[in-house]
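Here are the chains, one letter per residue:
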Amino acid sequence: MQGFPMDAAADQRFDVNLSILFTELPLLERPAAAAAAGFTAVELWWPWVDSPTPGASALDGLRRAIEDAGVDLVGLNLYAGRLPGPDRGALSVPGEESARFRANIDVAADFARSLGCTALNALYGNRVDGVDPAEQDELALENLVSAARTAHRVGAALLVETLNRAESPHYPLVSAPAGIAVVDRVNEATGLGNAKFLMDLYHLSMNGEDLPSVIDRYAARTGHVQIADNPGRGAPGTGSLPLADLLGRLRKQGYEGWVGLEYKPGDRPSAEAFGWLPAEARAAR
């Protein structure tokens, strides 16, 4: 596997997504595993896919696991339905799912605040057969505005993510401009300015977008970055994306935030999937 140049890695703040890496371990063992691999920061999809409002014991258990591992939680998804699975969010889905999203907002925000996490990601949700897309978009804006206001209350940004059309054919936000348009609508409605773009370089590359152009246009409105190589969604160096160059370009455009490692480890333990990144570059500085 091609290594990541140390000079490029030294400029970045990497965190590990514990919902795609270390999933061979129980949830509460993953923060310590990330720490053992040399990382000091982690992010998570909403880990209780069946419950937007888990009991205090579940929340306290995960909080203790993160604190005991000595890692920082730097990103957390709001309730998004079955993920991994067929769902891609809940906030634009009429009925029970959007109600579950609304019930989750305060729970997720308070959990994030308890750990100093300042980024909450709100996946938009799939289109629903028989429902007017305009109705879904109206519902989405209402729920995103509520989430942005709550995120602001706890000192967090609300992230809006674009996915890729091939893997998420029913998800409407499959380009950087589409995601930015939603960010703009939320900020216009709230006046808070805390809605930000989640720039996932893997998804954008899968959509065939011009990544240097996307970076140049939208780096200033980006609140979080995630990476995986393409093709394959594996570790950097397993595909053909010039990730070191792209992250360097982001830095030159003023992005100083986190870079989430959201890739598949392949047919090996996750602890062996970081050979591309020098050990001394894994701890955030």
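Look up: the structure comes first, before these words.
Residues numbered from 1 in each chain as written. Predicted model: local features only at pLDDT ≥ 70, side-chain atom pairs only at ≥ 80, totals over all residues. Heavy atoms only, no water.

Asks: Teacher, can you tell me more about the sheet that holds strand β6 (residues 195–200) here?
Replies: Backbone-to-backbone hydrogen bonds pair the strands of a sheet. The strands run either parallel or antiparallel. The sheet built from eight strands closes into a barrel, its strands ordered β1-β2-β3-β4-β5-β6-β7-β8 with parallel pairing. The average angle at which neighbouring strand axes cross in this sheet is 30 degrees, direction not considered. Here β6 pairs with strand β7 (residues 222–227) via four bridges, running parallel. By the bridge assignment for β7, aspartate 200 is matched with glutamine 226. (Pairing = 2+ DSSP bridges. Helix = DSSP H or I, 4+ residues; strand = E, 2+ residues; numbered from the N terminus. Axes fitted to C-alpha atoms, helices over the stretch in contact; angles between N-to-C directions.)

Asks: Looking at this structure, I do not really get helix α5 (residues 133–153). What am I missing?
Replies: Taking 1.5 Å of rise per residue, 21 residues should cover 30 Å, and α5 covers 30 Å from first to last C-alpha, within 8% of that figure. Three or more residues of α5 are buried, namely Gln136, Leu139, Ala140, Asn143, Leu144, Val145, Ala147, Ala148, Thr150 and Ala151. Where α5 is buried, its residues touch α4 (96–114), β4 (119–121), β5 (157–161) and α6 (176–190). In the stretch just after α5, glycine 155 is the one whose phi turns positive, near 75 degrees. (Expected span 1.5 Å × (residues − 1). Buried < 20%, exposed > 50% of the residue type's maximum accessible area, 1.4 Å probe, protein only. Contact = heavy atoms within 4.5 Å.)

Asks: Hey, could you run me through the packing of α4 against α5 in this one?
Replies: Packed helices, taken two at a time, are described by the angle between their axes plus the distance between the axes. As a packed pair, α4 and α5 sit with axes 9 Å apart at the nearest point and diverge in direction by 15 degrees. When the axes of α4 and α5 are compared, the pair comes out roughly parallel. α5 is crossed by α4, and the crossing has right-handed handedness. From α4, Ser98, Phe101, Arg102, Ile105, Asp106, Ala109, Asp110 and Arg113 reach across to α5, where they touch Leu139, Asn143, Ser146, Ala147, Thr150 and Arg153. Of the residues that constitute the contact of α4 with α5, the class distribution is five nonpolar, four polar and five charged. (Parallel < 35°, antiparallel > 145°, perpendicular 65-115°, else oblique. Left-handed = near helix turned anticlockwise from the far one by under 90°. Nonpolar A, V, L, I, M, F, W, Y, C, P; charged D, E, K, R; others polar.)

Asks: What is the right way to read the nonpolar core from this model?
Replies: A general feature of soluble globular proteins is that nonpolar side chains tend to end up buried together. If you look at the biggest cluster of nonpolar residues, it comprises 90 residues, and the most contacted ones within it are Phe14, Met199, Leu261 and Phe274. When residues in this core are grouped by element, the largest group, six residues, is from α4. (Core = buried A, V, L, I, M, F, W, Y, C linked by side-chain atoms within 4.5 Å.)

Asks: How do you make sense of the pattern of salt bridges when you look at a structure like this?
Replies: Pairing of side chains with opposite charge becomes possible as their charged atoms draw close. Counted according to the given criterion, the structure contains 11 salt bridges. Here aspartate 87 ties to arginine 82 by a salt bridge, and the two come within 3.0 Å at their closest N and O atoms. Ionic pairing is found between arginine 100 and glutamate 97, a salt bridge with its closest N-O pair at 3.2 Å. One end of the pair, arginine 100, and the other, glutamate 97, are both in helix α4, three residues apart, so they sit about a helical turn from each other. Ionic contacts of the salt-bridge type, sharing partners, join the residues Asp106, Asp110, Arg113 and Arg153 into one network. (Salt bridge = Lys/Arg side-chain N within 4 Å of Asp/Glu carboxyl O.)

Asks: Please explain α6 as it appears in this structure.
Replies: Residue pairs spaced three or four apart in an α-helix point in one direction, given the helix's 3.6 residues per turn. When the terminal C-alpha atoms of α6 are compared, their 21 Å separation across 15 residues agrees well with the 21 Å that a helix rising 1.5 Å per residue should span. The complete set of buried residues in α6 reads Ala176, Gly179, Ile180, Val182, Val183, Val186, Asn187 and Thr190. Buried positions in α6, seen along its axis, are confined to an arc of 155 degrees and lie on one side of it. Of the surrounding secondary structure, the elements contacted by the buried residues of α6 are α5, β5, β6, α7 (201–206) and α8 (211–218). (Arc of directions from axis to C-beta.)

Asks: Would you explain the packing of aromatic side chains in this entry?
Replies: Each pair of aromatic rings is reported with the distance of its centres and the angle of its planes. Across all of its chains, the model carries eight aromatic pairs by this definition. With centroids separated by 5.1 Å and ring planes inclined at 70 degrees, the aromatic side chains of tryptophan 46 and tryptophan 48 adopt a geometry described as edge-to-face. Across the pair, tryptophan 48 and tryptophan 46 agree in class, each one buried. A cation over a ring is seen here: arginine 13 above tryptophan 258, with NZ or CZ 4.3 Å from the ring centre. (Phe/Tyr/Trp six-rings, centres within 6.5 Å; stacked < 30°, edge-to-face > 60°. Lys NZ or Arg CZ within 6 Å of the ring centre and 35° of its normal.)

Asks: Explain the side chain of asparagine 121 here, please?
Replies: Checked against the element boundaries, asparagine 121 lands in strand β4. Assessed through its relative accessible area of 3%, asparagine 121 is described here as buried. In this structure the side chain of asparagine 121 is engaged in a polar contact, spanning 3.1 Å, whose partner is the side chain of asparagine 77. Of the polar contacts made by the side chain of asparagine 121, one reaches the side chain of glutamate 161; its length is 3.0 Å. Residues in contact with asparagine 121, not counting those within four places in the same chain, are Leu76, Asn77, Leu78, Leu159, Val160, Glu161 and Leu198. (Polar contact = N/O pair within 3.5 Å; in protein donor to acceptor, adjacent residues only side chain to side chain.)

Asks: Just checking my understanding: could you explain a negative patch on the surface for this structure?
Replies: A surface patch of like charges, here negative, comprises Asp132, Glu135, Glu138 and Glu142. Topologically, glutamate 135 is positioned in helix α5. (Patch = residues over 30% accessible without salt bridge, like charges linked within 9 Å, V, L, I, M, F, W, Y side chains within 5 Å. Areas by Shrake-Rupley, 256 points an atom, 1.4 Å probe, with all protein chains shown as cover. Lys, Arg positive; Asp, Glu negative; His and termini not counted. Charge placed at Lys NZ, Arg CZ, Asp CG, Glu CD.)

Asks: Can you help me understand the packing of α5 against α6 in this one?
Replies: Where α5 contacts α6, the axes come no closer than 9 Å and their chain directions differ by 65 degrees. Along this stretch, α5 crosses α6, giving a crossing that reads as right-handed. Contact with α5, carried on its side by Leu141, Leu144, Val145, Ala148 and Arg149, involves Val182, Arg185, Val186, Ala189 and Thr190 of α6 and no other residues of that element. Of the residues contributing to the contact of α5 with α6, the split by class is seven nonpolar, one polar and two charged.

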